[in-house]
Amino acid sequence: MNAPTTRRLTVAQALVEFLAHQYTERDGRRHRLINACWGIFGHGNVAGLGQALLESGAASRRGETPGAPVLPYLQGRNEQAMVHAAVGYARQCDRLSAHAVTTSIGPGATNLVTGAALATVNRLPVLLLPGDTFATRPADPVLQQLEVPQAGDVSVNDALRPVSRYFDRVTRPEALIPAALQAMRVLADPVDTGAVTLALPQDVQAEAYDWPEEFFADRVWRVTRPLPDADALADAVRAIRGARRPLLIAGGGVHHSEAEDALCAFADATGIPVASTQAGKGSLRYDHPADIGGIGHTGTATADALAREADLVIGVGTRYTDFTTASATLFAAPGVRFVNLNIAPFDAHKLGAASLVADARAGLEALTKELSGHRVDAAYEAGYGAAKADWERRVDAAFGAADDSVRPSQTQVLGALDALVDDTDIILNAAGSLPGDLHKLWRARSRRQYHLEYGYSCMGYEIPGAIGVRMAAPDRPVWALVGDGTYLMNPTEIVTAVQEGVPINLVLIQNHGYASIGGLSQATGGERFGTDYRFRAADGTYTGAPLPVDLAANAASLGMHVLRAATVGELRAALAEARGANRPTCVYVETETADTVPGAPEAQAWWDVPVAETATRPAAVAAREAYDRHAAGRRRHL
C-alpha cells in the first residue's frame, strides 16, 4: 500500500513538524536550523503552539513515533529576554542554528519588539511566532486586541514589521507553506538574516489542514562562501600593494564566517596591523603581533593613532558604526581610501570603498594568495609593535592592585577576571560603562570568547544572552558582566537559569547608578543629571545618600548562589569559586567610582552626541565649545 501523500494536522502542529526538519549546511557540516522554542503562553498561543509543542514532545517521550523529530520547549519569564537568549545562542552557533520564540497576543507580542530590533541590528537569526487576533473575527475586539478604526487588518504585531527582516501574517492554513519557506530562507541567509516574524492568528493555529508530505521532508539550506569577483579582487590587491600605512579593521563578519584562521594567515603574510570593532574583537588573539586592539571611540591608543595616519583602511565584515569611525572623524589622512570585504553589498560599498563582495574567509584567502610576497615596510611594523607593547604595559598597570585589602575599581574587577580565565571562557556584556572598558582592555584569547552585544547595546541582554550562549557551548564557562542599572532592567531569567540548570556566572557590579551615561552627561554639560541611584536632596535633585538596595539578596532570592566580595582579595577568591561551580552563581562586588582605565588624550576618538547650542549653565557652554571643535573634523569619504 502506498504511503499517504498528505497528513492532517493543525497549523501549529504542522509548523512544529516542519521546523524539526530544517537544516543549514556549511563546509559539509550540517546543523539543525531551529533547535528549540522559547515560550510564554496565553490565550493567543496556548491551545495552538502550546498544544503542538506538548504533543510533539509527548509523542517522542511515549515512543509512539520512534525517531520523530521534536522541537524542545524552553520556559522563559519575559518575552524580550527570551529573544535575547535566542540571539545569544545564534551568535555562539555562528548563525547556523537558532531558536524560535512564541508569545500570546497583546503585551506578550509587543514585548518582542526590543529583542527583534537587537537581532536585526546585529544580523543574528531568531524566529518569532507571536499569536495574533482572530483571522475569522467571530468576536471583535477580543481580549488585548488593538482596534485601529481606519484599518481592520492591523494588530499590535505590525509593530514588528520594521524590526524584522521578514514578516508575514498567516491568515489561512495553506498560507503557512510559502510563509514558512520564506522564513527559513531569510534566517539562513548571511546577508539578509535577522528577526523573522510569522504572526499566527489564534484561530488559524488550531485549524486543521491536509498537508503534503513533501512539506515535512528534510530540507537543507546551504550557507555558501561566495568568492570575490576577479576584477574587484585585482583592484583590492593593487590598492593594498600601493599603500604605505594600511590598516585592517575586523568586524563581526570575521567570526560569523569562521574566518579567524584566514585572518591570521593574512596578517602573518603581510604584516598589516589588525584593529577590531566590538563585534570583531578576538578575531586575532590579543598576543598576536599584528593585533592592536579595539578601534574607535572605545579603542586603544595604538589602534586609533594608526587609524588617523592610515592611507588605506581594509574593512572585513564590518558595517562601520559611529563608534568605529569616531563619528566620521577618525580616518584623517589626506587621500585615505577604503577597501571593504563584506558578504553584504550594502556594507561593502560604505565610505566610498572599493568593494569586495564575498564571504570573509573566502575573500581573505583570495587576498592572501594574490598578495604573495608582499609585506608592509619593516619600520611601520616595528613602530606599531612598539606601540602595542607600550599599551600592554599600561593595561597591566590598570589591572593591578597594590593592596588586596582595598575595594576594587571596575578596571581591577576586569583584571582579576583576566588573571583567572583561559581560552575556554566566554565574557558577555552589552551596555553601560563596561563595553568601553572591555573593548579597550580585554585580552581575547580565543574565537567567540568576547561576546559584546553593541549593535543595539541593550540593557538587560546580558543574563538571558548568557543562558543562550551556555546552551550553545555547554562545556565553556560563561561570564555575564552586569552593572546595577542593567541588572534592574531584566533579572528575571535568573529563574530560568536555575530551573534549567544552566550554570552561568554573573559578575554583578554595584556602582549606584548609570555610570556610563553619567560620564557622558558630564562630558556634554548635563552634570550627571538623573544618572545616580540616590535619595532626593533638599534641593530636589537626586544627590542624597545612596539607595539601600541589596541586589545580591535579590539574586539569591531568585535562586542564585551568591558570593559577596568587598576587597580585591575577596574578589579573586569569589571569581575562582564561581568558575568551579556547577550551578548559577553570582559574584557581587561594590566598586570604587574612581577608575584606572588608561587614558590617552592625544588619541581619544570622538563620539558625536549633540550638545545644547544655547545654554546658561557654564558646564553646557563649555561642552558646546568642545563639541564645535570636534564636529569641525567630520568628513565624508566619497
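Calculation rules
Residues numbered from 1 in each chain as written. Predicted model: local features only at pLDDT ≥ 70, side-chain atom pairs only at ≥ 80, totals over all residues. Heavy atoms only, no water. Disulfide = S-S within 2.5 Å. Buried < 20%, exposed > 50% of the residue type's maximum accessible area, 1.4 Å probe, protein only. Phe/Tyr/Trp six-rings, centres within 6.5 Å; stacked < 30°, edge-to-face > 60°. Helix = DSSP H or I, 4+ residues; strand = E, 2+ residues; numbered from the N terminus. Pairing = 2+ DSSP bridges. Axes fitted to C-alpha atoms, helices over the stretch in contact; angles between N-to-C directions. Contact = heavy atoms within 4.5 Å. Parallel < 35°, antiparallel > 145°, perpendicular 65-115°, else oblique. Left-handed = near helix turned anticlockwise from the far one by under 90°. Nonpolar A, V, L, I, M, F, W, Y, C, P; charged D, E, K, R; others polar. Salt bridge = Lys/Arg side-chain N within 4 Å of Asp/Glu carboxyl O.

Enquirer: Can you break down the state of the cysteines residue by residue, with the values?
Expert: On inspection of all chains with the given rule, the structure shows 0 disulfides. Cysteine Cys37 is unpaired, with the sulfur of Cys93 as its nearest cysteine sulfur at 16 Å. Residue Cys93 is classed as buried on the basis of its relative accessible area of 17%.

Enquirer: An account of the packing of aromatic side chains is requested, with residue identities and associated values reported.
Expert: How two aromatic rings sit relative to each other is given by the distance of their centres and the angle of their planes. Summed over all chains, the structure comprises 12 aromatic pairs. Measuring from centroid to centroid gives 5.0 Å for Tyr514 and Tyr533, while their planes differ by 75°, and the two rings are edge-to-face. Of the two residues, Tyr514 is situated in the loop between β21 (505-510) and α21 (515-523) and Tyr533 in the loop between α21 and α22 (551-557); the sequence distance between them amounts to 19 residues. Take Tyr533: its relative accessible area is 17%, and that puts it in the buried class.

Enquirer: Lay out the sheet that holds strand β16 (residues 337-342) with the relevant residues and their values.
Expert: Across the sheet, which stays open at both edges, the 6 strands sit in the order β14-β13-β12-β15-β16-β17 with parallel pairing between neighbours. Either end of the sheet is taken by a strand with one partner, and the two such strands are β14 (291-294) and β17 (354-357). Adjacent strand axes in the sheet meet at a mean angle of 20° when their direction is disregarded. As paired strands, β16 and β17 are joined by 4 bridges and run parallel to one another. Paired with Asn340 across the two strands is Ser355, which belongs to β17. Contacts from helix α11 (residues 301-309) reach β12 (246-250), β13 (274-276) and β14, with the element oriented near 100° to β14.

Enquirer: Account for the sheet that holds strand β22 (residues 561-565), with residues named and values stated.
Expert: If you trace the 6 strands from one edge of the open sheet to the other, you get β19-β18-β20-β21-β23-β22, paired in parallel fashion. A single partner strand is all that each edge strand has here, and the edge strands are β19 (450-452) and β22. Geometrically, the sheet is characterised by an average inter-axis angle of 20° between neighbouring strands, direction not taken into account. Strand direction decides the pairing type here: strand β20 (residues 478-483) and β21, joined by 5 bridges, are parallel.

Enquirer: Go over unusual backbone geometry, please, and point to the residues and values.
Expert: In this structure, the amide linkage connecting Asp140 to the following residue, Pro141, adopts the cis form with an omega of 10°. Assignment of secondary structure puts Pro141 in the loop between β7 (126-132) and β8 (166-169). One non-glycine residue, Ala326, lies in the positive phi region at around 50°. Along the chain, Ala326 turns up in the loop between α12 (322-325) and β16.

Enquirer: Go over the packing of helix α8 (residues 230-241) against helix α14 (residues 360-370), please, and point to the residues and values.
Expert: The contact between α8 and α14 brings their axes to 10 Å, and the two run at 60°. Taken together, the axis directions place α8 and α14 in an arrangement best described as oblique. Of the two possible hands of crossing, α8 and α14 adopt the one that is right-handed. Here Leu233, Ala236, Val237, Ile240 and Arg241 of α8 come into contact with α14, specifically with Ala366, Leu367 and Glu370. Split into classes, the residues belonging to the contact of α8 with α14 amount to 6 nonpolar, no polar and 2 charged.

Enquirer: Account for the pattern of salt bridges, naming residues and giving values.
Expert: Applying the stated rule across the entire model yields 38 salt bridges. A salt bridge links Arg443 to Asp418; the nearest nitrogen and oxygen atoms lie 3.7 Å apart. On the criterion of sequence distance, the pair formed by Arg443 in the loop between α17 (434-441) and β19 and Asp418 in helix α16 (residues 410-420) is long-range, its members being 25 residues apart. No difference in accessibility class separates Arg443 from Asp418, as the two residues are buried. A salt bridge links Arg634 to Asp608; its shortest N-O distance comes to 2.7 Å. Here Asp608 lies in the loop between β23 (585-590) and α24 (618-631) and Arg634 lies in the segment after α24, a separation of 26 residues in the sequence. A residue is classified by how much of its surface remains accessible, and Arg634, at 38% relative accessible area, is partly exposed. The exposure class assigned to Asp608 is partly exposed, which follows from its relative accessible area of 21%. If you follow the salt bridges from partner to partner, you end up with Glu392, Asp396, Asp418, Arg443 and Arg445 in one network.

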